[in-house]
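Analysis of the macromolecular model
Residues per chain, in single letters:
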Amino acid sequence: MAQDEMLSNLMQIRAFCQVVDQGSVSRAADELYRTQSAVTRAIRDLEQALDVPLFERHANGMLLTDFGKCVLPRARRAIAELRLIPSQLAKLHGKAGQTRSETEPLYLFNVRRLQIFISLCKTRHMQTVATLLGLSQPAVSAALKVLENGAGLALLERTPHGMMPSLAGQDIVPNLRRALNELRHIPADIAARRGVLEGTVQVGALPLGRTRLLPQAIIGLTQRYGGVKVITNESAFSALASELRSGEVDFIFGALRSNDYAADMVTETLFTESMVILARKGHPLLREPVTQEHLRTARWVLPRAETPARRLLDNSFTAMEIPPPDPVVESGDLGIVRGLLLGSDMLAAVSARQLEHELESGELIKLPLDLADTHRAIGLTFRAGSLLSPAAQALVEEIRQVCSA
């Protein structure tokens, strides 16, 4: 069964949270405006779907089992994300002070409906979404209509370029993604409670850790836990940050950004490292002392403009009273950088760890010149308040061990 099809029923999750909060089915039923039998059935169906008992039934109420305690944090997070949406939409409406009954977004408590909307935002094409999800186009259209009627706003706009998310649609997509991603982790949380580590880790991989550190950590994790799968995302930091905020990426590994850049994220420094200048074996500059004139006239491959590494390099050259280089090539792809260095007399300024294998083999040589003030903090970036899955937490521990070795 596909992972998306395994997501828990949101109305059942809602009933589960209310039974926990109220302490009994009868009080939860009153709060939900449903019959006791409907709430009892929702809990029973959720327990059957997850294949675990969530409550111990007692004469004086419902007590959570260990499995129930395991499920509760993510269940509450998923519901909380959806309950934030009415207030976000109210701001766009210019309204305030809505009552609880008005803000309970029942139209959002349907996993398939949310998947349809998120897919429409990605593909911008209704028939494509219908094909991807195995639905008819009228079913996709009907789901969108329910969402837009509930929101009271157009969430998608028809344009010559396809169906584009409106301002309201863009505003709520991160909440929807975070809610669904919390649900996706519930089966892995339950498996971990049973002593089995499984699930999928999605890690944002910035250039510095891709060649040795992250691969070594992944090898250690997957050898120890055969049920774990790892997906790496090699996008630029800005794209990874967006994915991290929506829960599509569990964490990011690489050069850290300042808190001013990502105030809604938390970071953990694992080590610091300065940048070095690399050249191929046999490069003419290795036969003579490197002068400022050599650096001025060299052909460079450098990190892309506006990246933190590039800014550090520009500042370092300025401190040496040398104009920052105008590179022949700008690239953050280590495969491209490696190929250019090995096949030409270009120079590159990178972290030594990024091309560690080539340095150890002697294919590339570090020029005997220090780049002052180019040290960077390298480590982990998390979304503030996020709850890592057991598998993601295990990969984090592997990365910490690899970096401390």
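The rules behind each value
Residues numbered from 1 in each chain as written. Predicted model: local features only at pLDDT ≥ 70, side-chain atom pairs only at ≥ 80, totals over all residues. Heavy atoms only, no water. Pairing = 2+ DSSP bridges. Helix = DSSP H or I, 4+ residues; strand = E, 2+ residues; numbered from the N terminus. Contact = heavy atoms within 4.5 Å. Axes fitted to C-alpha atoms, helices over the stretch in contact; angles between N-to-C directions. Core = buried A, V, L, I, M, F, W, Y, C linked by side-chain atoms within 4.5 Å. Buried < 20%, exposed > 50% of the residue type's maximum accessible area, 1.4 Å probe, protein only. Salt bridge = Lys/Arg side-chain N within 4 Å of Asp/Glu carboxyl O. Parallel < 35°, antiparallel > 145°, perpendicular 65-115°, else oblique. Left-handed = near helix turned anticlockwise from the far one by under 90°. Nonpolar A, V, L, I, M, F, W, Y, C, P; charged D, E, K, R; others polar.

**Section: the sheet that holds strand S9 (residues 275–280)**
- Pairing is mixed across the open sheet formed by five strands, whose spatial order is S11-S10-S12-S9-S13. Single-partner strands in this sheet number two, and they are strand S11 (329–330) and strand S13 (364–366).
- Two elements, strand S10 (residues 300–302) and S11, share two bridges in a ladder whose sense is parallel. Paired with Val301 across the strands is Val329, a residue of S11.
- Here helix H15 (residues 308–319) sits on the sheet and contacts S9, S10, S11 and strand S12 (347–351); the angle it forms with S10, its principal contact strand, is near 135°.

**With respect to the nonpolar core**
- Residues Phe16, Leu82, Phe117, Leu120, Leu176 and Leu183 are the most contacted members of the largest nonpolar core, which totals 60 residues.
- The dominant element in this core, judged by the number of residues it contributes, is helix H10 (residues 167–193), at nine residues.
- Residues contacting Phe16, with those up to four places away along its chain left out, are Ile43, Leu46, Leu54, Phe55, Leu64, Gly68, Val71, Leu72 and Ala75.
- By size, the runner-up hydrophobic cluster in this structure holds 27 residues, among which are Ala205, Ala217, Ala255 and Cys403.

**Topic: the pattern of salt bridges**
- Applying the stated criterion to the full structure yields 21 salt bridges.
- Note that Glu81 and Arg178 form a salt bridge whose closest N and O atoms lie 2.9 Å from each other. On the criterion of sequence distance, the pair formed by Glu81 in helix H4 (residues 66–83) and Arg178 in helix H10 is long-range, its members being 97 residues apart. Like Arg178, Glu81 is buried.
- Notably, a salt bridge pairs Arg83 with Glu104, separated by 3.1 Å at the nearest N-O pair. Pair noted here: Arg83 is in helix H4 and Glu104 is in the loop between helix H6 (100–103) and helix H7 (111–123), with a separation of 21 residues, a long-range link.

**Section: the packing of H7 against H10**
- Where H7 contacts H10, the axes come no closer than 10 Å and their chain directions differ by 130°. One way to sum up the angle between H7 and H10 is to call them oblique. Where H7 crosses over H10, the two elements pack in a sense that is left-handed. When H7 is examined against H10, the residues Val111, Leu114, Gln115, Phe117, Ile118, Cys121 and Lys122 are found in contact with a partner set consisting of Gly169, Ile172, Val173, Leu176, Arg177, Leu180 and Leu183.
- In terms of residue class, the contact of H7 with H10 is built from 10 nonpolar, two polar and two charged.

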